[in-house]
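Below are the chains, spelled out letter by letter.
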Amino acid sequence: MNKTEDLLAQLNSIVSEGRNPDTLDIDLLSSEAILRKINHEDAQVAPAVASQIPQIAQAVDAIVDKLQSGGRLFYIGAGTSGRLGILDAVECRPTFSVPDDLVRGIIAGGEHAIQFAVEGAEDDRAAGVNDVKAVNLSANDVLVGLSASGRTPYVVAALEYANSIGCATASITCNPDSPLMTTAKIGICPVVGPEALTGSTRMKSGTAQKLVLNMLSTASMIRLGKTYENLMVDVNASNEKLRARAIRIVMQATSCERNVAEKALKSADNRAKLAILMILTGLPAEQAENLLQEKHGFLRRAVESQQ
């Protein structure tokens, strides 16, 4: 069997590559009818993700364990999957004020592939290994492989290498019994079925991957003390919108007036978490900072210790 025949055989067995019987007439429909078909398919995504919550929780626990020990979180994928990983990674810094290298996305074909297709990149197993070696992946880290089909050679090879060095590994795919599911130590597989447009896995499969990524990073950051109640108290106020959000967060957390929030933020070097602690406890900035460090950055624990 040549490579083309082998690939055709693989595609025939992949759930997300099947033809959807509910959308066979989609090319005959009006705009509104097309959109209703797509929306009907999208409605299947959240329940599919819900079925994987136990596996997602395992991945969160692994991520928290590694990050608490000084490790890093990496996402790796090709095409849409790779771009989704990068999107989630870059949002972590402004949302949770983490270092740029704590959560990173790796895409087959490099930075050029973020905007353009790079021919053959997803099939390059050697590149998958080289790309994780280039970031000095180690046993202290977590590598999450992303692939709608679950067969992308670039991603599979990266996970195999990660396993060989004792790195924690997880995968997000929409196809059970795929190489990613058997390679990663933790397999996450929301089965969303055939796409509305056959093979267009940027749709339901992409949405499912995005939902899981949201859950992985958000839950991990909550477990690491990056929130207070349901507020993003570690937000990095790097622009006017985020500075306004920081003021609002301080006001919401403490029920204080705007001028009190702004004064506290100024004393706290625009750190919302520290400003909230100062207001709720009456501690000056230096003492509040020491208390936060003592409580490993968990604001609720710091506040409760002073009550």
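Structure: above.
Everything in this summary refers to the structure shown in the same document. (Residues numbered from 1 in each chain as written. Predicted model: local features only at pLDDT ≥ 70, side-chain atom pairs only at ≥ 80, totals over all residues. Heavy atoms only, no water.)

### Looking at the overall build of the protein
From N to C terminus, the protein includes 14 helices and 5 strands. Projected onto its principal axes, the C-alpha coordinates of the protein cover approximately 70 × 50 × 35 Å. A total of 307 residues make up the protein; the buried ones form 47% of that total. Nonlocal contacts in the protein, meaning residues at least 24 apart in sequence, comprise 65% of its contacts between residues at least 6 apart. (Helix = DSSP H or I, 4+ residues; strand = E, 2+ residues; numbered from the N terminus. Buried < 20%, exposed > 50% of the residue type's maximum accessible area, 1.4 Å probe, protein only. Contact = heavy atoms within 4.5 Å.)

### Brief notes about unusual backbone geometry
For Asp 177, which is not glycine, the phi torsion reads 60° and is therefore positive. Looking at the element boundaries, Asp 177 is found in the loop between strand E4 (168-172) and helix H8 (179-183). By relative accessible area, Asp 177 is classed as exposed at 79%. Of note, Glu 229 is a non-glycine position whose phi angle comes to about 55°, a positive value. You can see Glu 229 is positioned in the loop between helix H9 (204-223) and helix H10 (240-254).

### Focus on H10
For H10, built from 15 residues, the straight-helix expectation of 21 Å at 1.5 Å per residue is met to within 8% by its first-to-last C-alpha distance of 21 Å. Residues of H10 that are buried: Leu 242, Ala 246, Ile 247, Ile 249, Val 250, Ala 253 and Thr 254. Along the axis of H10, the buried residues cluster in a sector spanning 160°; they form a single face. Away from its buried face, by an angle of more than 90 degrees, H10 presents the exposed residues Glu 240, Lys 241 and Arg 248. In this structure Asn 239 caps H10, since a side-chain oxygen of it lies 3.1 Å from the backbone nitrogen of Lys 241. Count one or two residues on from H10 and you reach Ser 255, which has phi positive near 60°. (Expected span 1.5 Å × (residues − 1). Arc of directions from axis to C-beta. Polar contact = N/O pair within 3.5 Å; in protein donor to acceptor, adjacent residues only side chain to side chain.)

### Concerning the nonpolar core
In terms of nonpolar packing, the biggest core is built from 34 residues, with Leu 73, Tyr 75, Val 103, Val 144, Ile 172, Leu 216 and Met 221 touching the most fellow members. Elements with a minimum of two residues in this core: helix H3 (45-50), helix H4 (53-68), strand E1 (73-77), helix H5 (79-96), strand E3 (142-146), E4, strand E5 (186-188) and H9. The element that contributes the greatest number of residues to this core is H4, accounting for 6 residues. Apart from the residues lying within four places of it in its own chain, the contact partners of Tyr 75 are Gly 85, Asp 88, Ala 89, Val 103, Arg 104, Gly 105, Ile 106, Val 144, Leu 146, Leu 213, Leu 216 and Ser 217. Membership of the second largest hydrophobic core comes to 29 residues, among which are Tyr 228, Val 233, Ala 253 and Ala 275. (Core = buried A, V, L, I, M, F, W, Y, C linked by side-chain atoms within 4.5 Å.)

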